[in-house]
Amino acid sequence: MKDELNGSLIIVIDRQNPGAAARIGLMGEKNIDQNSAHVSFGDLHREIVDVNDIRLLKDRSSLYRHLLSSTADIDLGDFKTLFKINMLQDRGDPASILEAYHLLKNNPSAINSATDILSDFQRSKQPLNPEALKVFSR
């Protein structure tokens, strides 16, 4: 599991500074001993981030089940955001996943519902949308 997430898009939430904006980055090497990971951001700087500050999108079927089972408990704006994220996950291509993270960055109240903390994350065994794989085969 150490290297399986290298290169994955992630979102970083600074727990020490709750007012800070979420940041989108790419997962690098995870240091299990120090409970941290290297993350590269869009401005090309690299940081060592605590794994509890790193979040990944939940498995698309888990998010969909959450949407169906908790509809009455979710704020309407968050529901719309979560639904859009789930639709983007269904596409499965990297551009759609990046768009999903941007939706979360702009709607931070939905982050807890749509993501898992890296230390709790389980990689989905579901394949990507077959249409999305065609993008990489060209």
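Before reading further, recall that the structure is shown in the block above.
Residues numbered from 1 in each chain as written. Predicted model: local features only at pLDDT ≥ 70, side-chain atom pairs only at ≥ 80, totals over all residues. Heavy atoms only, no water.

(A) Examining helix H2 (residues 76–91) more closely. If you check H2, its first and last C-alpha atoms are 23 Å apart, about what 16 residues at 1.5 Å a residue would give, namely 22 Å. Of the positions making up H2, those classed as buried are Asp78, Thr81, Leu82, Ile85, Asn86, Leu88 and Gln89. Each buried residue of H2 sits inside an arc of 160 degrees when the element is viewed along its axis, so together they form one side. Exposed residues lying more than 90 degrees from the buried face of H2 are Leu76 and Lys80. At its buried positions, H2 is contacted by strand S5 (54–57), helix H1 (60–69), helix H3 (94–106) and helix H4 (111–114). Two residues or fewer past H2, Gly92 is found with a positive phi of approximately 85 degrees. (Helix = DSSP H or I, 4+ residues; strand = E, 2+ residues; numbered from the N terminus. Expected span 1.5 Å × (residues − 1). Buried < 20%, exposed > 50% of the residue type's maximum accessible area, 1.4 Å probe, protein only. Arc of directions from axis to C-beta. Contact = heavy atoms within 4.5 Å.)

(B) Quick look at the nonpolar core. With 28 residues, the main nonpolar core has Ile54 and Leu104 as its most contacted residues. For this core, the secondary structure elements donating two or more residues are strand S1 (9–12), strand S2 (23–31), strand S3 (36–41), S5, H1, H2, H3 and H4. Residues within four places of Ile54 in sequence aside, it is in contact with Ile10, Ile11, Val12, Met27, Ala37, Val39, Val49, Asp116, Ile117 and Leu118. (Core = buried A, V, L, I, M, F, W, Y, C linked by side-chain atoms within 4.5 Å.)

(C) Broad picture of the packing of H2 against H3. The N-to-C vectors of H2 and H3 enclose an angle of 165 degrees; their axes lie 8 Å apart at closest approach. The angle between the axes of H2 and H3 places the two elements in the roughly antiparallel class. Of the two possible hands of crossing, H2 and H3 adopt the one that is left-handed. Of the residues in H3, those touching H2 at Thr81, Lys84, Ile85, Leu88, Gln89 and Arg91 are Ser96, Ile97, Glu99, Ala100, Leu103 and Leu104. Residue composition of the contact of H2 with H3, by class: six nonpolar, three polar and three charged. (Axes fitted to C-alpha atoms, helices over the stretch in contact; angles between N-to-C directions. Parallel < 35°, antiparallel > 145°, perpendicular 65-115°, else oblique. Left-handed = near helix turned anticlockwise from the far one by under 90°. Nonpolar A, V, L, I, M, F, W, Y, C, P; charged D, E, K, R; others polar.)

(D) Geometry of the side chain of Ser96. Along the polypeptide, Ser96 turns up in helix H3. Each residue touching Ser96, except ones within four places of it in the same chain, is listed here: Leu88 and Arg91.

(E) A look at the pattern of salt bridges. Scanning the model with the defined rule gives three salt bridges in all. Between Arg15 and Asp53 there is a salt bridge, with its nearest N and O atoms 2.5 Å apart. With Arg15 in the loop between S1 and S2 and Asp53 in the loop between strand S4 (46–50) and S5, this pair connects stretches of sequence that are 38 residues apart. On the basis of relative accessible area, Arg15 is assigned to the partly exposed category, the value being 45%. Residue Glu47 pairs with Arg23 through a salt bridge whose shortest N-O separation is 2.8 Å. Placement of Glu47 in strand S4 and of Arg23 in strand S2 is noted, with a sequence separation of 24 residues between them. Look at Glu47 and you get partly exposed, because its relative accessible area is 25%. On the basis of relative accessibility, which here comes to 27%, the residue Arg23 falls in the partly exposed class. (Salt bridge = Lys/Arg side-chain N within 4 Å of Asp/Glu carboxyl O.)

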